[in-house]
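The residues making up each chain are set out below.
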Amino acid sequence: MRFIRLIIWKEFSQIRRDPLTIRLIILPVVIQMFFLGYAITTEVKNTTITVLDRSNTPESASLVQTILHNRLFRFAGYAESEADCRERLDKGEARLALVVPADFSKTLSAPAGADVSLMIDGQDANSSNIASGYINAIVTGWSVDVLRQKLAARGLRIQNVLPVEVRPVILYNPMLKSAWYMVPPMAVVLVTMITALLTGFSIVKEKEAGTLEQLMVTPISPAHVVLGKIVPYVVIGLFELCAVLASATLWFRVPFRGNFFVLLLFGLIYMSSSLGIGILVSTIARNAQQVLFMLWFLLIFFLFLSGFFLALENMPDWVQKVTYVNPLRYFMFIVREMFLKGSGFAELWPQGLAMLVIGGVVFGASLLTFQRKVS
Amino acid sequence: MNPRIRALIRKEVWHILRDWQTLLIVLAMPVFMMFLYGYALDVNITDVEVMVEDPSPSAETAELIRAIDESSLFKVTGVVRSAGNPGDIFKKYHVKALFRFSSSFAADLRRPGTPASVQVLIDGSDQNLGAILRNAVEPFLQKCVLSILHVPVPVSVTMHQIILYNPQQKSAMYFVPGLMVIILMMISAMLTSLTITREKEMGTMEQMLVSPIRPAEIMIGKITPYIALAGIDGALILLVGYFVFGVVISGSLLLLTVASLIYIFAALALGLLISTLVAKQEHAMLIVLPATVMPTVLLSGFIFPLTSIPIVLQWIAHAIPATYFLIVIRGIILKGVGLAQLWQPMLVLTCMGLFLLAVSIRKFKVKQ
């Protein structure tokens, strides 16, 4: 026990000596947190749109004005022909082009209805989907209005014609703020980076400097060295977890509806995986550069398959199965559920158990390889 | 070529080949990321898991539930008579929405004048999905019910979409250019900053500086092999994009090569600049991440369209090379446009590269 305490003490003084490394690890996460907290809106705003109105009737003008008055779009001038539309899209002057055909007003009252077409710059599939969805909604809204006026002329109310009344209610994040969804998981990213990178660095640097061998010839056993090395990083990791929690709730005003201590417990369980990965990588790697490269590689992989920014439900089945071994996936889920839904141990124990199993395997394997490599 | 530069290039190539683990990662990383994007990225939202609360089951509600389940947007994972506290359903089953039919749903549906009511509880945690569901449920349910009742859907305007440049909306067309932008920046900036800080750490930089080699020659000799390496990575991305994901370059390959070289050059100059600021390899690596990769990913317009982000960030976005390269590379690969439409961003990119190189050479000289 004395040995472990000594190593812990040594490790802390080493961390104190090189504050730049910790700052450089925290910096990108903080930048990203602010970016995700402030900048990201899933709204696609200021989409440039050009219009070709072949019909030139009060009806078509009303439809066009309804679209152009929406603050989500920016009018990029009228086009003269379809070729002109295409050219404006090619040059990037507009991203959407609305074409109203010449027979628009005539067909509007026909049973089949009128057609308009929308040319979409499909370079960025996601944002063009969203933007065209907006236009679609505006057009539908406009045509319901037209329908309402027609029915009113016959003395009918539209509510009596539509058979269902739908009332959507949004739970947990009623204002649909992206910060509420994106900021809490930054705790997971930060804890992973801090614990894995710092333990990895600390071991590989001893290797590079040759001091690891010196430690091994002392009466301290390899397991004690590892335990002594990880304790400071567990402490820092928990500290970081609290820091992100505090800034998420106090600065970004994300509600935390779960139990703080349950979250810390899950955090501890999770750290057994991230620390284990750090130790494992540093035992295999020869220098700090390789540790960083390998951890980066793994982190990208884990983040991708964690549901952080790409929903897991959309991925193919076999990819979803791969994600079951990803510890980040579970912790990310736990953090989000606890923050917004206020879930507790009763609902989240399966995820906790999965992390415990993964952590046990990874940590055990890392201890074994470390012992084999050094002795 | 100047023999001193040639000797330096040979030395640098030897360094690259000797550390084969790093080389392997540098070459495997882009391919690996492409497969990740290729299989994990799907912008179409389908089969969102939902549950239904149906207090008085009837033929109509059963048919409606089947219609919801059979739609491409939703998948019904369970039907309950009573949801109790709906919060428990969301916490326990992790569904994204709960449709709650009123107890007189079937009767109201048959009686004219009283619309049957459905409450839809939506899990808004994921604001993106929440917004999509909120906008979709009403028209979706109206349409389902109308078709169950065999009433023609009242339409007055139909919108036809013509999607240009990427008509099948293949996600590969979107992530291949984006990955080019990210990976070329990451590899170029990181490797140059590493190789220079390594020489600094070992003390060999000082030895070179007291030799007759001039600082500018050291820089050129160090940069050249990495231009080649980044070029190989770029070619690898395009080849995998073509053979595995079917991304065809509709514009000029020559123009793409030239533009990529200019971009690589700018990224390498940025790496040089970083290496003049720090003394240790790990610090260089850790600075490269927030200074180059993050702005490239977040601000270039790859993930978030430039017009949607706050104005201050738009300014920053216009100060980074990636933004311009993304316009050029999307223009060439997707739109098939040429120099006539793209000369402006290419010119900006070139100026940025020259500026960064000039600053870093100056900094480098001052330090000595």
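Computed from a prediction, not measured in an experiment: that's the story for all the values here.

Draft legend 1. How the structure looks around the overall build of chain A. For chain A, the helix and strand inventory stands at 16 helices and five strands. Here chain A has a C-alpha radius of gyration of 29 Å; the compact-globule value for 375 residues is 21 Å, and the former is much larger. With respect to the principal axes defined by its C-alpha atoms, chain A has extents near 95 × 45 × 40 Å. Contacts spanning at least 24 positions in sequence make up 78% of the contacts within chain A whose residues lie at least 6 apart.

Draft legend 2. Layout of the domain arrangement of chain A. When the domains of chain A are assigned, the result is domain 1 (2-40 + 177-374) and domain 2 (47-161). Measuring from the centre of the C-alpha atoms in domain 1 of chain A to the corresponding centre in domain 2 of chain A gives 50 Å.

Draft legend 3. Representation of the interface of chain B and chain A. Across the boundary between the two partners, chain B contributes 85 residues, which contact 90 residues of chain A. Residue assignment for the side of chain B that touches chain A shows that the elements contributing at least two residues are α2 (20-40), α4 (86-93), β4 (116-123), α6 (127-148), β5 (157-164), α7 (171-202), α11 (281-299) and α13 (321-335) of chain B. Of the residues forming the side of chain B that touches chain A, the biggest block, 14 residues, is contributed by α6 of chain B. Residues of the side of chain B that touches chain A, tallied by class, amount to 51 nonpolar, 24 polar and ten charged. Sheet topology note: the strand β5 (residues 164-171) of chain A/β4 of chain B ladder contains eight bridges and is parallel. Directly across from V166 of chain A, in β4 of chain B, lies its bridge partner V118 of chain B.

Draft legend 4. Structural context of the confidence of the model for chain B. Of all residues in chain B, 96% have pLDDT values of 70 or greater, and the mean over the chain is 84. Listed scores for the predicted complex are pTM 0.80 and ipTM 0.77.

Draft legend 5. Layout of the packing of helix α9 (residues 215-243) of chain B against helix α10 (residues 253-277) of chain B. Residues and elements named next belong to chain B. The N-to-C vectors of α9 and α10 enclose an angle of 130 degrees; their axes lie 10 Å apart at closest approach. As the angle between them shows, α9 and α10 are arranged oblique. Once α9 is placed against α10, the crossing between them reads as right-handed. Across the interface between the two elements, M219, I223, Y226, I227, A230, G231 and G234 of α9 pack against S260, L261, I264, F265, L268 and L272 of α10. A breakdown of the residues in the contact of α9 with α10 according to their chemical character gives ten nonpolar, three polar and no charged.

Draft legend 6. The arrangement of the sheet that holds β5 of chain B in detail. If you walk across this open sheet you meet the five strands as β2(A)-β1(A)-β3(A)-β4(A)-β5(B), and the pairing is mixed. Edge positions in the open sheet fall to β2 (73-78) of chain A together with β5 of chain B, since each of these has one partner strand only. The sheet shows a mean angle of 25 degrees between the axes of neighbouring strands, direction not considered. With four bridges joining them, strand β3 (residues 96-100) of chain A and strand β4 (residues 114-121) of chain A adopt antiparallel strand pairing. Paired with A97 of chain A across the two strands is M119 of chain A, which belongs to β4 of chain A. Along the sheet, helix α3 (residues 58-68) of chain A contacts β1 (47-53), β2 and β3 of chain A; its crossing angle with β3 of chain A, the most-contacted strand, is approximately 165 degrees. Contacts from helix α4 (residues 82-91) of chain A reach β1, β2, β3 and β4 of chain A together with β5 of chain B within the one sheet, and its direction differs from that of β3 of chain A by about 170 degrees.

Draft legend 7. The nonpolar core, seen in detail. Grouped together as the largest cluster of nonpolar side chains are 149 residues, with contacts concentrated most on F331 of chain A together with V181, L184, A266, F325 and I329 of chain B. Setting aside anything within four residues of it in sequence, one finds V181 of chain B in contact with T296, S300, F302, A322, F325, L326 and I329 of chain B.

Draft legend 8. Seen up close, the domain arrangement of chain B. Taken domain by domain, chain B holds domain 1 (3-41 + 169-367) and domain 2 (48-148). For domain 1 of chain B and domain 2 of chain B, the distance between their C-alpha centroids amounts to 50 Å.

Draft legend 9. A look at α7 of chain B. Residue and element names in this part refer to chain B. With 32 residues, α7 extends 45 Å between its outermost C-alpha atoms, agreeing within 8% with the 46 Å of an ideal straight helix rising 1.5 Å per residue. Among the 32 residues of α7, 27 are classified as buried, and the element is accordingly described as predominantly covered. Positive backbone phi, at 90 degrees, marks G203, one or two positions downstream of α7.

Draft legend 10. Representation of the sheet that holds β5 of chain A. One open sheet holds the five strands; their spatial order is β5(A)-β4(B)-β3(B)-β1(B)-β2(B), and the pairing between them is mixed. Lying at the two open borders of the sheet, with one neighbouring strand each, are β5 of chain A together with β2 (74-80) of chain B. Taken over all neighbouring pairs, the strand axes of this sheet differ in orientation by 25 degrees on average, direction set aside. Bridge count between strand β3 (residues 97-101) of chain B and β4 of chain B: five bridges; the pairing is antiparallel. Considered in β4 of chain B, the bridge of F99 of chain B is made with V120 of chain B. Across the sheet, α6 of chain B touches β5 of chain A together with β1 (48-53), β3 and β4 of chain B, and the angle it forms with β5 of chain A is around 165 degrees.

Cut-offs and rules
- Residues numbered from 1 in each chain as written.
- Chains lettered and ligands numbered in written order.
- Predicted model: local features only at pLDDT ≥ 70, side-chain atom pairs only at ≥ 80, totals over all residues.
- Helix = DSSP H or I, 4+ residues; strand = E, 2+ residues; numbered from the N terminus.
- Rg over C-alpha atoms; globule rule 2.2 N^0.38 Å.
- Contact = placed C-beta atoms within 7 Å.
- Domains from an automatic or database assignment.
- Nonpolar A, V, L, I, M, F, W, Y, C, P; charged D, E, K, R; others polar.
- Pairing = 2+ DSSP bridges.
- pLDDT = per-residue confidence, 0-100.
- Axes fitted to C-alpha atoms, helices over the stretch in contact; angles between N-to-C directions.
- Parallel < 35°, antiparallel > 145°, perpendicular 65-115°, else oblique.
- Left-handed = near helix turned anticlockwise from the far one by under 90°.
- Core = buried A, V, L, I, M, F, W, Y, C linked by C-beta atoms within 7 Å.
- Buried ≥ 20, exposed ≤ 12 C-beta atoms within 10 Å, placed from the backbone.
- Expected span 1.5 Å × (residues − 1).

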